[in-house]
Amino acid sequence: MNIKEIAQLAGVSTSTVSKIVNQKDSSISKETREKVLRIVKEYNYTPYSSAAVSTHQKTWTLGVLLRSSISFDKTLDGLIQTAQAKGYTAIVCNSCSDSEQELKNITSLCKNKVDGIIWEPVCDQSLENAFHIEKKNIPYLTLGPSGKKDRISLPYEEFAYRLTRELIKNGHKNIACLLTKGRRTSDFLSGYKKCLFENHLTLNEDFIFYEFTESLIYKINTHQISAIVSSHYQKALEFYQLMNSLHYRIPEDFSLISLKNDTSETLVFPDISTYTVSNTDFGAFLCEKLINQIEKNDTDEISFSQKFQLDSTSTIGSPYTFNSAKITVVGSINMDVYLNVPQLPHTGKTVSTSVFSVYPGGKGINQAIGAARLGHHVSLIGNVGSDMDSDQIYQTLNENGVDTSGVKRCTQADTGKAYIFVDSVGDSMISILTGANALFTPQDIRKRKHLFENTGYCLIQSEIPPDTLMEACQIAHEHNAKTIVKPSACSSMTWEMLSMIDIIIPNEDELFELCSKYYPSMEAQAASMLECGIQVVIVTLNERGCYVKTKDWDEYFPAVHFPAIDKTGASDAFISAFASYLLYGYELKSAVKIATYAAGFCISREGVLPALIDRSSLESYINQNEPGLLHLPA
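Just so you know, these numbers come straight off a predicted model, no measurement behind them. The numbering scheme is per chain: residues are counted from 1 as the chain's sequence reads. Given that the model is predicted, a residue must reach a pLDDT of at least 70 before its local features are reported, and side-chain atom pairs must reach 80 or more before they are shown or counted; all residues, however, enter totals for whole chains, interfaces and linings. As a rule here, side-chain values cover all heavy atoms of the structure and leave hydrogens and water aside.

With respect to burial, strand S8 (residues 255-261) is a largely interior element, seven of its seven residues being buried. Strands qualify as paired when DSSP identifies two bridges or more between them. Helix and strand definitions follow DSSP, with helices as H or I runs of at least four residues and strands as E runs of at least two, each counted in order from the N terminus. When strand S7 (residues 227-230) meets S8, the two strands line up parallel, connected through four bridges. The residue of S8 that forms the bridge with Ile228 is Leu256. Each parallel crossover has a hand, and for S7 linked through helix H11 (residues 233-245) to S8 it is right-handed. Whether a residue is buried, partly exposed or exposed follows from its accessible area with a 1.4 Å probe, protein chains only, as a fraction of its type maximum: under 20%, in between, or over 50%, in that order. We call a crossover right-handed when, viewed with the strands running away from us, the connection from the first strand over the helix to the second turns clockwise.

This is how it looks when you write it as structure tokens:
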């Protein structure tokens, strides 16, 4: 820093600075004197006459100028230990990510006549201050993201690449990146992207996170994300603890892998799968490289080497869909048009309304998305048309993590539509235009039979053609899957069809339509279903809950009280939750009770899809109201 630069900073002439530093300032105001002296002190300015010393006299001192000290402790340890071993002392300055402070630190190191400087610039513009070092002929190295082109950095890009590849080797394709802003962020993100590209995986910008957002948790919940690679161990640890508190299992529900510094983090529980950064060795490498430059050693250029190996595999597993049975849904796909009316229409009465809403729907979509939100891998099999409605349906299913490879677009039909009248107490009346659903054939099922592989439960509704329903039951049983059928349009159901069902879930009217002419009471009607080979009959009773009948027992289960806004999707919410928790390993009675909570949540909001609850919210509510219900049997 010279006298002209000090004068510019102070906003005075060079003669004024000269008078003040040489104590010939009697004519200068107190305010100006104090301002100039403060800047002279901050920027370590020394008049040329007093600074003249031999330029080749060594001080055996190294300067270390860091952007900030966060996570740099072990690097400093390695650097200082190596400096001392080679007869040098290190002066360490912290710019605290402040450019003005950085310039003050540079001038301080130059004033102290250090033999060399290791410099981590605060930002790209910081390199403009390099001339202060260069005019003193002080050798220096830069490191970090804002260094020179030949900057030195830890191989964060390769770390991220290899960590991501560890997950890919375990079968993961939907991998998110969890970042903390800092030294390594840019390189780490670059390595993550590079690994995806070179392994032919699509980069989804929505899978890059800096915070624990609801979107991140939702995508894990619906298995849109199967694994996470984290740039910082502390962030990975905090996320592990958060997800553990929400009852997620790692690595069963998702895999987690992180980078870790060589500090006391190695003692922290839980044992997250990591690569350890050799910060101490990197600090030693930096110091040796600078000293070789200072002393003009002719030795071969030293290089930094880093081991890339997992410290443990405790939080890495195969994708969830590889390890557990899934749910396959076969059913109707519609666009639902909701009409809010003061009372339901009836013969001879016109009902007017100006309030309506439109959502993708149909029992196939509702049950598929309901099960996906509760944490399962779900495949939907059904038909849509070739209209614009089908585009919205595909988008909605994909957003909710439902496998749409079984959804066929029919060029000769429009997507089915349902017109749903909902009155002020939540009761509804539905009229359906079948559309492409009517073209859903047994051959369509047979062509997509591969989607039944690894299916635990197959959910089917009778809004599709009867022979298609029977084919779906047949294929499900061929793959050892249990069938759960909602007989929503049951007038055409035969005893032969009923014999192919494992669990049937009608409401009172549907049960009455199936067998009222033979059996007078609901209990007797439910018992008659067992004679067909059905194992479980669950009769939904609206606000009264449900009635369950098996060969060995029967029981009434009360509904959970929720305010009724729209009862349209209650049965779909019940069925998707019931199947989901059976698949999680819960006993029949517990699964029924949990399903009543899901149905209660659904009726408390308008529209079916917006009202289907996710697993985290459902289980949090149950834990508050019925704490023991979610304990799995030993």
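Let us now look at the side chain of Asp389. For Asp389, the position within the fold is in helix H15 (residues 388-399). Polar contact is the term for a pair of N or O atoms within 3.5 Å; when the atoms are in protein, one must be able to donate a hydrogen and the other to accept it, and sequence-neighboring residues count only if both atoms are side-chain atoms. Polar contacts involving the side chain of Asp389 include one to the side chain of Lys417, which spans 2.9 Å. In this analysis, two residues are considered to be in contact whenever any of their non-hydrogen atoms come within 4.5 Å of each other. In this structure, Asp389 is in contact with Met335, Thr415 and Lys417, ignoring residues within four places of it in sequence.

Turning our attention to the layout of surface pockets. In this structure, the largest pocket spans a volume of roughly 1200 Å³. A 1.4 Å probe that fits into a set of points on a 1 Å grid over the protein atoms alone but cannot get out defines a cavity; an open set with protein on both sides within 12 Å along at least five of seven lines defines a pocket, and lining residues are those with an atom within 4 Å of a point. Lining the largest pocket are 44 residues; nearest its centre among them are Asn507, Asn542, Lys567, Thr568 and Ser571. Each residue belonging to the lining of the largest pocket can be placed in one class, and the counts come to 17 nonpolar, 15 polar and twelve charged. Grid points are joined across faces, edges and corners, and a volume is the space filled by probe spheres set on the points. Throughout, the ten residues Ala, Val, Leu, Ile, Met, Phe, Trp, Tyr, Cys and Pro are labelled nonpolar, Asp, Glu, Lys and Arg are labelled charged, and all others, Gly among them, are labelled polar.

Our focus in this paragraph is the UniProt feature "binding site: K(+)" (unreviewed entry) in the protein. Within this structure's numbering, the places UniProt gives as "binding site: K(+)" (unreviewed entry) are Asp566, Thr568, Cys602, Arg605 and Gly607. For the annotated residues, spread through 42 residues, the largest C-alpha to C-alpha distance comes to 10.1 Å, consistent with a single compact locus. Of the annotated positions mentioned, Thr568 line the largest pocket. Checked against the element boundaries, Thr568 lands in the loop between strand S22 (554-557) and helix H21 (570-583). UniProt positions are given in the numbering used here, feature names are shortened, and annotations may be inferred rather than shown by experiment.

So, about the pairing of strand S10 (residues 326-330). Counting buried residues in S10 gives five out of five residues, a clear majority hidden from the surface. What you see with S10 is no split at all: Lys326, Thr328 and Val330 on one side and Ile327 and Val329 on the other are buried throughout. As paired strands, S10 and strand S17 (residues 455-461) are joined by five bridges and run parallel to one another. Considered in S17, the bridge of Val329 is made with Leu459. Where S10 meets strand S13 (residues 378-384), four bridges bridge the pair, whose relative direction is parallel. Bridging across to S13, Thr328 finds its partner in Ser379.

Next up on the list: the side chain of Thr16. Relative to the elements of secondary structure, Thr16 occurs in helix H2 (residues 14-21). With a relative accessible area of 16%, Thr16 lands in the buried category. Among the polar contacts made by the side chain of Thr16, one reaches the side chain of Ser13 at a distance of 2.9 Å. Those residues within four positions of Thr16 in sequence are excluded, and the remaining contacts are Ile28 and Thr32.

Another aspect to go through is unusual backbone geometry. Generally, phi is negative for residues other than glycine and the peptide bonds are trans, each holding for most cases. The linkage connecting Ile250 with the following residue, Pro251, adopts the cis geometry, with an omega of 15°. Turning to its location among the elements, Pro251 is positioned in the loop between H11 and S8. Positive phi values are uncommon outside glycine, yet Trp60 reaches one of about 55°. Following the sequence through the fold, Trp60 ends up in the loop between helix H4 (48-51) and strand S1 (61-66). For Trp60, a relative accessible area of 43% puts it in the partly exposed group. With phi around 60°, His200 is a residue other than glycine that occupies positive phi space. On the secondary structure map, His200 appears in the loop between helix H9 (185-198) and strand S6 (208-209).

So, about helix H6 (residues 99-111). Here H6 contains 13 residues, and its C-alpha end-to-end distance of 19 Å stays within 8% of the 18 Å for a straight helix at 1.5 Å per residue. Of all the positions in H6, only Glu102, Leu103, Lys104, Asn105, Ile106, Thr107, Ser108, Leu109 and Cys110 are classed as buried. Residues of H6 that are buried sit in contact with helix H3 (30-42), S1, strand S2 (89-94), strand S3 (116-119) and helix H7 (130-134). Of the residues flanking the start of H6, the one acting as N-cap is Asp98, its side-chain oxygen 3.2 Å from the backbone nitrogen of Glu100. In this analysis, the expected span of each helix is defined as 1.5 Å times one less than the number of residues it contains.

This next bit is on the sheet that holds S22. Across the sheet, which stays open at both edges, the nine strands sit in the order S14-S13-S10-S17-S18-S19-S20-S21-S22 with mixed pairing between neighbours. If you trace the sheet from one side to the other, it starts and ends with strand S14 (402-409) and S22, each paired once. Two elements, strand S19 (residues 503-504) and strand S20 (residues 536-540), share two bridges in a ladder whose sense is parallel. Its bridge partner being in S20, Ile504 is matched across the sheet by Val537. Orientation is described by lines fitted to C-alpha atoms, with helices fitted over the stretch in contact, and by angles between N-to-C directions that extend from 0 to 180 degrees. Those strands touched by H21 are S10, S17, strand S18 (482-486), S19, S20 and strand S21 (546-550), and its axis lies near 165° from that of S17.

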